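Single-letter residue listing:
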Amino acid sequence: MLPPQSRPLPYAERLDERPLASIKLLVVHCTELPDLAQARKYGEEVHYPASGTGNSGHYYIDRDGHTECWVPPNRIAHHVAGMNDHSVGVELVNRGRWPDWFHSAHQVPTEAYPPPQIDALVALIEWLRTQCLELRQIAGHEDLDRRQLVSADDPEIRIPRKIDPGPLFPWEQLLARVDLHRLSPVDVTPATQG
């Protein structure tokens, strides 16, 4: 695979630098937005005024497999609380719970991940392993951020803050194709959750 198309976010150069050897974990996310354009709009928003940066993964993979790099891997992106300094974030375009992310009746995603998107993820992982030689682990965002929130529709109901990539993500198929160990929630201590 050739390197993914580079399309840096406006603030990418403001993010802290790190050596590629520090990257040990790949975190799979889903955008929980309808398309790549909406994900880009969100990624460009500044959420941290002091640094002028926002929340974003490093790589974005559209449903057809088109892959873009928004934050170079030698920069620390804000994509998973408490684990950003040693991980790389890959965002898969998928509706997830959109547009009712925190409504208690909308906590089960219904959009599957198409084969071209999973093939592109496998290709990206293979390429990243040639760049980040210590990359050995993989996890879903839901595995690492186990926090709960009050639902938007009922203050008596608590819902997961993050559920991505969700129950329709083909973990078994992916792990059969890549040489990475999947972290489970029991592998993550509360201190690393941020």
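As a reminder, the structure under discussion sits directly above these lines.
What you are looking at is a predicted structure, and each value in this text was computed from that prediction instead of being measured. Residue indices begin from 1 for each chain and proceed along its sequence in written order. In view of the model being predicted, local features appear only for residues whose pLDDT reaches at least 70, and side-chain atom pairs are presented and counted only at 80 or more, with totals across whole chains, interfaces and linings using the full set of residues. As a rule here, side-chain values come from all non-hydrogen atoms in the structure, and water together with hydrogens is ignored.

S.K.: In this structure, what is going on with the side chain of Glu-32? I would like to understand it.
M.R.: By the element assignment, Glu-32 lies in the loop between strand S2 (25-30) and helix H1 (36-44). Setting aside residues up to four positions removed in sequence, Glu-32 forms contacts with Asn-94, Arg-95, Gly-96, Arg-97, Trp-98, Trp-101 and Ile-163. Strands here mean DSSP runs of E at least two residues long; helices mean DSSP runs of H or I at least four residues long; both are numbered from the N terminus. Residue contacts follow a heavy-atom distance rule, with two residues in contact if any of their heavy atoms lie within 4.5 Å.

S.K.: Could you clarify how one ought to interpret the sheet that holds strand S6 (residues 137-140) in this entry?
M.R.: Each strand in a sheet pairs with its neighbour through backbone hydrogen bonds, running either in the same direction (parallel) or in the opposite one (antiparallel). Pairs of strands are assigned from DSSP output, requiring at least two bridges between the strands. Overall, mixed pairing links the 7 strands, which are arranged S1-S4-S3-S5-S2-S6-S9 in an open sheet. The open sheet has two edge strands with one neighbour each: strand S1 (5-6) and strand S9 (181-182). Bridge count between S2 and strand S5 (residues 87-92): 6 bridges; the pairing is parallel. Its bridge partner lying in S5, Val-28 is registered against Val-90. Contacts between helix H2 (residues 115-131) and the sheet are confined to S2, strand S3 (59-61), strand S4 (67-69), S5 and S6, with S3 contributing the most and set at about 155° to the helix. Angles here are taken between N-to-C directions and fall from 0 to 180 degrees, while the axes themselves are lines fitted to C-alpha atoms, restricted in helices to the stretch in contact.

S.K.: Before we go on, may I ask you to explain unusual backbone geometry in this structure?
M.R.: Excluding glycine, a negative phi dihedral is what most residues carry, and trans is how most peptide bonds are arranged. Residue Pro-99 is reached from Trp-98 by a cis peptide bond, and omega for that bond is 0°. Inspection of the secondary structure puts Pro-99 in the loop between S5 and H2. Backbone torsion omega between Asp-164 and Pro-165 reads 10°, so that peptide bond is classified as cis. A positive phi is found at Glu-32, a non-glycine position, where the angle reads about 55°.

S.K.: What exactly am I supposed to notice about the packing of aromatic side chains here?
M.R.: Given two aromatic rings, one states the distance between the centres and the angle between the planes to describe the pair. Ring pairs are drawn from Phe, Tyr and Trp, using the six-membered ring of Trp, whenever the two centres fall within 6.5 Å, and their geometry is named by plane angle: stacked under 30 degrees, edge-to-face over 60, tilted for the rest. Under the defined criterion, the tally for this structure stands at 4 aromatic pairs. Plain terms: the ring middles of Tyr-59 and Trp-127 are 6.5 Å apart, the flat faces sit at 80° to each other, and that makes the pair edge-to-face. Taken together, the residues span a long stretch of sequence, with Tyr-59 in strand S3 and Trp-127 in helix H2 at a distance of 68 residues. Relative accessible area decides the class of each residue, using a 1.4 Å probe on protein chains only: under 20% of the type maximum gives buried, over 50% gives exposed, and in between gives partly exposed. A relative accessible area of 1% places Tyr-59 in the buried class. Ring centres 3.6 Å apart and planes at 20° place the aromatic pair Tyr-60 and Trp-70 in the stacked group. With Tyr-60 in strand S3 and Trp-70 in the loop between S4 and S5, this residue pair connects regions lying 10 residues apart in the sequence. The class for Trp-70 is buried, based on a relative accessible area of 0%. Grouping aromatic residues by their ring pairs yields a cluster made of Tyr-113, Phe-169 and Trp-171. Ring-over charges, as used throughout, are those where CZ of Arg or NZ of Lys falls within 6 Å of the ring centre and within 35 degrees of the ring normal. Over the aromatic face of Trp-70 sits the side chain of Arg-40, whose NZ or CZ is 4.9 Å from the ring centroid. When the ring centre of Trp-171 is taken as reference, the NZ or CZ atom of Arg-182 above it lies at 3.9 Å.

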